[in-house]
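Residue-level structural notes
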Amino acid sequence: MDYDIKDMTLADKGRLRIEWAVLSMPVLNKIKERFATEKPLQGLRLSACLHVTTETAALVTTLKAGGADVVLCASNPLSTQDDVAAALVADHEIPVYAIKGEDHKTYYSHILSALKHRPHLTMDDGADLVSSIHFIALERWDDLEPSVAEWGKGLPAEQRKSFLADVMGGTEETTTGVIRLRSMEKDGVLQFPVISVNDANTKHLFDNRYGTGQSTIDGIIRATNRLLAGSTFVVSGYGWCGRGVAARAKGHGAHVIVCEVDPLRALEAVMDGYRVMPIAEAAPLGDFFCTLTGDINVIRAEHFLQMKDGAMISNSGHFDVELDIPRLKENSVSHRRIREYVEEYTLKNGKRVYLLGEGRLINLAAAEGHPSSVMDMSFANQALSAEYMARNHGQMQKKVYPVPEEIDREIARLKLESLGVKIDTLTEEQRAYLASWHMGT
Ligand code: NAI
């Protein structure tokens, strides 16, 4: 079996950590049991490009139980848990291509390995796999990592196109990936249907808010071991993720400042009790900064130069472009790694700024990503969306689709059931009342 991981001897540790995660993933476990008998993905090759974590292990073993021939590559160079990668190869015979800390070239060589699997179904977190397949088939060599472009150019034209021809459809996990896919659809280049898992209510309302909220604070604390209480914590972006991080930082006793570009979200932050101001005004005030926007260069050179001596800067948005790290480097006279996930930059003005986790998703770089009980719902959406795509791709167009509402509601129902929470049901009278316009005061 072909694979590329750090160290197979880590498998024992990974096995126990996966076991621990699976204990709090009851919805996905239920789906796995059904998949094992019904085999809805039988005979399908599936390439997954996801953060290689314990929860992802639970997902890919579910897909395998459903009959899929699965391979897994990393969706971020710094998010891989090497022990999990080893356990997936050793115990489940799932080819994994992921090594924590891999360089850009290796990252794309791993995506290439997933692509060479010739998937019928793709599963992405950030759309790097889907975009690579399109770049090769559409011969957009300048958009590809040079070694992947070289490999693509070496293929006969027919073979390049056949990568696309094999794909029935895909699923996408995160906000940034969905933004990229919608832009592909708008430009008329998307060549197969993709289900936006992120748009399911049982995904972004919980994973992005509570998962990112808790794990981002966890990552910042593990990286720095600094006290949040009494500090000033600046959150850029008050979307689903930003709301979660702001709430958790406030819960730790930090004074939270929110920076936004959208007036509605800014207003919501004001009414949620936060100070709201532009990043240029927040820069000299913050002790901690965290970006969660999905945007580029949100904190720039002029802001770094305004920061206090000792400010900690981090990002929990999908790509490492939210902090302008090249300009941070240009404006620094020296640099050293002071702790495992902390780099100290001494600026030209003599002040020190600490960059956490290389500006990559801090919750996955320095901590373990989202807790499994929240990934239970996200990955239940992934598994059921893959099944839906396998069944219905023939009737679907080359578009980005939402997760079908019945899947979303069923996951909420199962999650409540697993938590032992019962809810009311509408009486016939109430059902009729809510469906009619006849009755007023
Ligand atoms: P969202 O679209 O709900 O929120 C993003 C917010 O950022 C919006 O309110 C937008 O107006 C704001 N924004 C954009 N540019 C800005 C700027 N220059 N300054 C200040 N605010 C700005 O998106 P969501 O779901 O909160 O996701 C944010 C990012 O986090 C995405 O890249 C997503 O892929 C990623 N993500 C990361 C996770 C993690 O594990 N760390 C988990 C889930 C999502």
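Residues numbered from 1 in each chain as written. Predicted model: local features only at pLDDT ≥ 70, side-chain atom pairs only at ≥ 80, totals over all residues. Heavy atoms only, no water.

As for the overall build of the protein chain
Heads up, the rule is: Labels follow the DSSP assignment, with helices taken as runs of H or I lasting at least four residues and strands as runs of E lasting at least two, numbered in each case from the N terminus. We compute the radius of gyration over the C-alpha atoms and compare it with the globule rule, which gives 2.2 Å times the number of residues raised to the power 0.38. Think of it in three bands: with a 1.4 Å probe and only protein chains considered, a residue is buried below 20% of the maximum accessible area for its type, exposed above 50%, and partly exposed in between. Throughout, a residue-residue contact means that at least one pair of heavy atoms, one from each residue, lies within 4.5 Å. Methods summary: accessible areas were calculated by the Shrake-Rupley approach with a probe of 1.4 Å, and residue burial reflects only the protein chains presented.
Scanning the protein chain from N- to C-terminus turns up 19 helices and 15 strands. A compact globule built from 441 residues would reach a C-alpha radius of gyration of about 22 Å, and the protein chain, at 22 Å, matches this within 12%. For the C-alpha atoms alone, the extent of the protein chain along its principal axes is close to 75 × 60 × 45 Å. Counting every position in the protein chain, which comprises 441 residues, the buried fraction comes to 55%. Restricting to contacts in the protein chain with at least 6 residues of sequence separation, those with at least 24 account for 72%. When the accessible surface of the protein chain is totalled, it reaches about 19500 Å², and 52% of it is carbon and sulfur.

Some words on the site of the ligand
Put simply, the rule reads: By convention in this text, a residue qualifies as near a molecule or strand provided that one of its non-hydrogen atoms is within 4 Å of it. We define a polar contact as two N or O atoms separated by no more than 3.5 Å, with the added condition that, inside protein, one atom must be a possible hydrogen donor and the other a possible acceptor, whereas residues neighbouring each other in sequence contribute only through side-chain atom pairs. Under the grouping applied here, Gly and all other residues not named as nonpolar or charged are polar, the nonpolar ones being Ala, Val, Leu, Ile, Met, Phe, Trp, Tyr, Cys and Pro and the charged ones Asp, Glu, Lys and Arg.
Close contacts around the ligand come from 25 residues, with Thr174, Thr175, Thr176, Glu260 and Asn363 the closest. Residue Cys241 places a main-chain N or O atom 2.9 Å away from an oxygen atom belonging to the ligand. Contact distances for the ligand include 2.5 Å between an oxygen atom and a side-chain N or O atom of Glu260. Elements with a contribution of two residues or more to the shell around the ligand: helix 9 (175-186), helix 10 (201-224) and helix 11 (240-251). Partitioned by chemical class, the residues of the shell around the ligand number seven nonpolar, 14 polar and four charged.

Notes on the sheet that holds strand 10 (residues 288-291)
Sheets are built from strands that pair by backbone hydrogen bonding, the pairs being arranged parallel or antiparallel. Definition in use: Here, a strand pair is defined by DSSP locating no fewer than two bridges between the strands. Only the stretch in contact is used when fitting a helix axis, every axis being a line fitted to C-alpha atoms; angles between N-to-C directions are given from 0 to 180 degrees.
The sheet built from eight strands is open, its strands ordered 9-8-7-10-11-14-13-12 with mixed pairing. Two strands close off the open sheet at either side, each with one partner strand: strand 9 (275-276) and strand 12 (332-339). Note: strand 10 against strand 11 (residues 311-315), four bridges, orientation parallel. What sits directly across from Thr291, in strand 11, is Asn315. Running over the sheet, helix 10 touches strand 7 (232-236), strand 10, strand 11, strand 12, strand 13 (342-347) and strand 14 (352-356) and is turned about 135 degrees from strand 10. Of the strands in this sheet, strand 7 and strand 8 (255-259) touch helix 11, which is tilted by about 175 degrees from strand 7.

What to know about the side chain of Ser196
Among the secondary structure elements, Ser196 is positioned in strand 6 (residues 194-196). Separated by 3.0 Å, the side chains of Ser196 and Asp199 make a polar contact. Excluding anything up to four places from it in sequence, Ser196 contacts Glu172, Val178, Arg182, Val400, Tyr401 and Val403.

A short note on the environment of Gln214
Looking at where Gln214 falls in the secondary structure, it is placed in helix 10. Of the residues examined, Gln214 reaches a relative accessible area of 47% and is grouped as partly exposed. Note: C-alpha distance between Gln214 and Val71 (143 residues apart in sequence) is 29 Å. Beyond its immediate stretch of four places on either side in the chain, Gln214 contacts Arg248 and Pro371.

Considering the environment of Leu414
Along the chain, the position of Leu414 falls in helix 18 (residues 405-419). Beyond its immediate stretch of four places on either side in the chain, Leu414 contacts Val27 and Lys30.

What about the domain arrangement of the protein chain?
Just so we agree on the cut-off: As used throughout, domain bounds are those supplied by an automatic or database domain assignment. As used here, buried area is the combined drop in accessible area, with a 1.4 Å probe, of two parts when they are placed together. Only one rule defines a salt bridge in this text: a Lys or Arg side-chain nitrogen within 4 Å of an Asp or Glu carboxyl oxygen.
In terms of domain boundaries, the protein chain breaks down into domain 1 (8-202 + 371-418) and domain 2 (212-365). Residue-level contacts link 15 residues of domain 1 with 11 residues of domain 2. Taking both sides of the interface into account, the surface hidden between domain 1 and domain 2 amounts to around 1100 Å²; carbon and sulfur atoms contribute 64%. Taken together, domain 1 and domain 2 are joined by zero salt bridges.

Looking at the packing of helix 1 (residues 11-22) against helix 4 (residues 82-92)
For clarity, the cut-off: To sort the angles, those under 35 degrees are grouped as roughly parallel, those over 145 as roughly antiparallel, those from 65 to 115 as roughly perpendicular, and the leftovers as oblique.
In the contact formed by helix 1 and helix 4, the axes pass within 7 Å of each other and the chain directions differ by 95 degrees. By the angle between their directions, the pair helix 1 and helix 4 is classed as roughly perpendicular. Along its contact with helix 1, which presents Ala11, Lys13, Gly14, Arg15, Arg17 and Ile18, the element helix 4 presents Asp83, Val84, Ala86, Ala87, Ala90 and Asp91. Across the contact of helix 1 with helix 4, the residue classes tally to six nonpolar, one polar and five charged.

Examining the environment of Asp262
Here Asp262 is to be found in the loop between strand 8 and helix 12 (263-271). Linking Asp262 and Gly239, residues 23 residues apart in sequence, is a C-alpha distance of 9.6 Å.

Focus: the packing of helix 10 against helix 17 (residues 372-392)
Any two packed helices are characterised by the angle at which their axes cross and by the distance between the axes. Let me state the cut-off plainly: Left-handed describes a crossing in which the near helix is turned anticlockwise from the far one by less than a right angle; the clockwise case is right-handed.
Close contact between helix 10 and helix 17 brings their axes to 9 Å; oriented N to C, the two are set at 145 degrees. At the point where helix 10 passes helix 17, the crossing takes the left-handed sense. Between helix 10, through Thr202, Lys203, Phe206, Asp207 and Gly211, and helix 17, the contact on the second element is made entirely by Val374, Met375, Met377, Ser378 and Asn381. Classifying every residue of the contact of helix 10 with helix 17 gives four nonpolar, four polar and two charged.

Here we look at the nonpolar core
Applicable threshold: Nonpolar core, defined: a set of buried Ala, Val, Leu, Ile, Met, Phe, Trp, Tyr and Cys residues in which side-chain atoms within 4.5 Å join the residues together.
Counting residues in hydrophobic clusters, the biggest one holds 53 residues, and the most contacted among them are Leu63 and Val96. Considering every element that reaches this core, the biggest residue donor is helix 17, with 10 residues.

Section: the pattern of salt bridges
Scanning the entire structure with this criterion turns up 33 salt bridges. Here Asp166 ties to Arg118 by a salt bridge, and the two come within 3.2 Å at their closest N and O atoms. Separated by 48 residues along the polypeptide, Asp166 in helix 8 (residues 157-166) and Arg118 in the loop between helix 5 (104-116) and strand 4 (121-124) bring together distant segments of the chain. Asp166 sits in the partly exposed class, given a relative accessible area of 24%. For Glu368, the salt bridge goes to Arg222, with nearest N and O atoms at 3.1 Å. With Glu368 in the loop between helix 16 (362-365) and helix 17 and Arg222 in helix 10, the pair connects residues that are 146 residues apart, well separated along the chain. By relative accessible area, Glu368 is classed as partly exposed at 35%.

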